[in-house]
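If you want the building blocks of each chain, they are given just below.
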Amino acid sequence: MLKKDFKIFEKDYVYLDSAASAQKPQKVLDKLLSFYQSDYANVHRGSCELALKATKLYEEARQTVADFIRADSKEIVFTKGATEAINLVAASYAQTLKKGDEVLVCIAEHHANFVPWQQACILSGATFKTFNVLDDGRWDLNDFEKQLTKRTKVVAVAQLSNVLGVVNPVEKVVKLAHKVGAKVMLDVAQSIAHMSVDVKTLDCDYMAFSGHKIYGPNGIGVLYGKCKALNELKPYQFGGDMVDTVRVEKTTFADVPARFEAGTPPIANAVGLAEALKYVNKIGFAKIQKEENGVFATLIKGLKQIKNVEFLGNPDLKTGLVAFNVKGIHADDLNLILAKENVCVRVGHHCAMPLHARFGVKASLRVSLGLYNDSKDIEKFLKALKKAIGFFK
Ligand code: PMP
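Residues numbered from 1 in each chain as written. Predicted model: local features only at pLDDT ≥ 70, side-chain atom pairs only at ≥ 80, totals over all residues. Heavy atoms only, no water.

*Asks:* What should I look at first to understand the site of the ligand in this one?
*Replies:* What surrounds the ligand is the set Ala82, Thr83, His110, Ala112, Asn162, Asp187, Ala189, Gln190, Ser210, His212 and Lys213. Ala82 has a polar backbone atom sitting 3.4 Å from an oxygen atom of the ligand. Separating an oxygen atom of the ligand from a side-chain N or O atom of His212 is a distance of 2.6 Å. The fraction of the free accessible surface of the ligand (400 Å²) that becomes covered by protein chains is 86%. Taken together, the residues that form the shell around the ligand break down as three nonpolar, six polar and two charged. (Near = heavy atom within 4 Å. Polar contact = N/O pair within 3.5 Å; in protein donor to acceptor, adjacent residues only side chain to side chain. Areas by Shrake-Rupley, 256 points an atom, 1.4 Å probe, with all protein chains shown as cover. Nonpolar A, V, L, I, M, F, W, Y, C, P; charged D, E, K, R; others polar.)

Here is the structure:
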């Protein structure tokens with residue numbers, strides 16, 4: 001039903017790779033065009049009509065993002081993506097962590113929420129620790145509690161793993177982390193498009209997501225931080241718009257969020273992201289989840305009926321995405337046939353090598369849904385997958 005909002009589907013693509021990047025509804029594309037045609041200028045600098053219009057739209061976009069996750073607009077920093085948002089926080093911690101401090105991440109983290117913390121620990125002399133997941137894909141909370149100590153300064157975790165598809169008990173982990181005085185960096189890059197994300201309920205200190213996975217443009221991301229937590233961070237990049245006064249002797253910095261938005265920001269992309277969030281809001285997560293869950297159930301049922309499909313984690317615990325292998329056939333080989341059938345899925349380690357090592361595999365095939373997918377897509381995918389398996393038998 002919602003496919004009609006996306007011009008790209010006028011061609012017969014079976015697009016099942018929204019976890020990598022989602023397609024864009026026409027409304028977002030129209031907004032980008034009209035912004036460039038009628039409202040475009042740099043922001044926070046000029047005082048001509050266009051500069052004022054562009055600044056107003058850019059700041060309204062910040063407010064739309066804040067409302068979407070129930071934050072205050074001062075708590076929203078625009079970045080180029082989730083990866084940059086996490087790097088911004090980790091780069092500051094690299095300067096303030098000390099030997100003896102610990103950072104705890106889940107073994108399932110996307111490299112974007114894994115490597116920046118690992119590197120921050122290497123630079124600062126702090127200890128980088130991981131906690132495990134259970135065979136069914138859920139967090140191993142016993143291991144988490146064992147690894148969490150009074151020395152833990154940061155816990156970095158995702159609400160929804162981009163491989164396991166399990167919605168994690170974030171609130172519980174945030175409470176435990178706060179008890180030992182640790183801050184929580186929450187990666188909602190995957191969950192943001194599938195469920196309502198509310199920073200007041202989650203109570204995380206920092207949060208990151210990308211616009212392109214929630215039907216917005218690429219080149220825009222969001223770092224949320226509680227005001228106090230943002231103020232504790234050191235500037236990430238230096239340049240125009242993030243300063244208060246600059247003298248030869250000394251520079252003072254602007255207040256947050258401007259302090260973290262050095263240089264010309266991704267102006268049109270922020271406006272496009274706001275349009276995407278309005279689009280999602282208009283449909284509503286109740287409807288999105290109802291449709292997606294129905295399509296997903298058909299997918300899991302179909303996969304379970306195929307011999308030799310081996311899931312990463314329990315398929316019944318997943319939301320929106322599933323990763324698996326077919327015993328005896330390399331995922332890359334299957335993908336070659338799927339691609340020929342016009343089916344777009346993702347094959348590889350999905351930027352989660354430590355997780356794949358945990359499950360004893362090098363790669364997997366991932367199918368992920370967006371709000372535009374329907375049961376016809378699943379039928380076509382299952383048919384193509386059976387054909388591919390038949391080919392290699
Ligand atoms: N975290 C997770 C869970 C992801 O799935 C991704 C993207 N695959 C990222 C972070 C990084 O997002 P981006 O590449 O848009 O910065």
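*Asks:* What am I meant to see in the packing of helix α2 (residues 49–68) against helix α9 (residues 267–283) here?
*Replies:* To describe two helices that pack against each other, one gives the angle between their axes and the distance between the axes. The contact between α2 and α9 brings their axes to 8 Å, and the two run at 40 degrees. With respect to α9, the axis of α2 lies oblique. Read as a crossing pair, α2 and α9 show a hand that is left-handed. Residues Leu57, Tyr58, Ala61, Thr64, Val65 and Phe68 of α2 form the contact with α9, whose participating residues are Ile267, Ala270, Val271, Leu273, Ala274, Leu277, Lys278, Val280 and Asn281. In the contact of α2 with α9, the residues fall into twelve nonpolar, two polar and one charged. (Axes fitted to C-alpha atoms, helices over the stretch in contact; angles between N-to-C directions. Helix = DSSP H or I, 4+ residues; strand = E, 2+ residues; numbered from the N terminus. Parallel < 35°, antiparallel > 145°, perpendicular 65-115°, else oblique. Left-handed = near helix turned anticlockwise from the far one by under 90°. Contact = heavy atoms within 4.5 Å.)

*Asks:* Would you mind showing me how to read the packing of aromatic side chains here?
*Replies:* Between two aromatic rings, the relevant description is the distance of the centres plus the angle of the planes. Applying the stated criterion across every chain, the model contains 19 aromatic pairs. Between Tyr58 and Phe78, the ring centres sit 5.3 Å apart and the planes meet at 45 degrees, which makes this aromatic pair tilted. Highlighted residues: Tyr58 in helix α2 and Phe78 in strand β2 (residues 76–79), separated in sequence by 20 residues. Each member of the pair, Tyr58 as well as Phe78, is classed as buried. (Phe/Tyr/Trp six-rings, centres within 6.5 Å; stacked < 30°, edge-to-face > 60°. Buried < 20%, exposed > 50% of the residue type's maximum accessible area, 1.4 Å probe, protein only.)

*Asks:* Could you clarify how one ought to interpret the pairing of β2 in this entry?
*Replies:* Along any regular strand the residues' side chains alternate between the sheet's two faces. Burial along β2 is two-sided: the residues Ile76 and Phe78 and Val77 and Thr79 are all buried. Here β2 pairs with strand β8 (residues 221–225) via four bridges, running antiparallel. Looking across to β8, one finds that Thr79 is bridged to Gly221. (Pairing = 2+ DSSP bridges.)

*Asks:* Just to check I follow, could you spell out the pattern of salt bridges for this structure?
*Replies:* Two side chains bearing opposite charge may form a pair once their charged atoms approach each other closely. For the coordinates displayed, the defined rule picks out 22 salt bridges. Across the pair Arg358 and Asp135 runs a salt bridge, and its minimum N-O distance is 2.7 Å. Within this pair, whereas Arg358 is found in helix α12 (residues 353–358), its partner Asp135 is found in the loop between β4 (127–131) and α5 (141–147), the two being separated by 223 residues in sequence. For Arg358, a relative accessible area of 24% gives the class partly exposed. Overall, the relative accessible area of 60% leaves Asp135 in the exposed class. With its nearest N and O atoms 2.8 Å apart, the salt bridge here joins Lys387 to Glu341. With Lys387 in helix α13 (residues 375–392) and Glu341 in the loop between α11 (331–340) and β13 (343–344), this pair connects stretches of sequence that are 46 residues apart. According to the relative accessible area criterion, Glu341 is partly exposed, its value standing at 33%. (Salt bridge = Lys/Arg side-chain N within 4 Å of Asp/Glu carboxyl O.)

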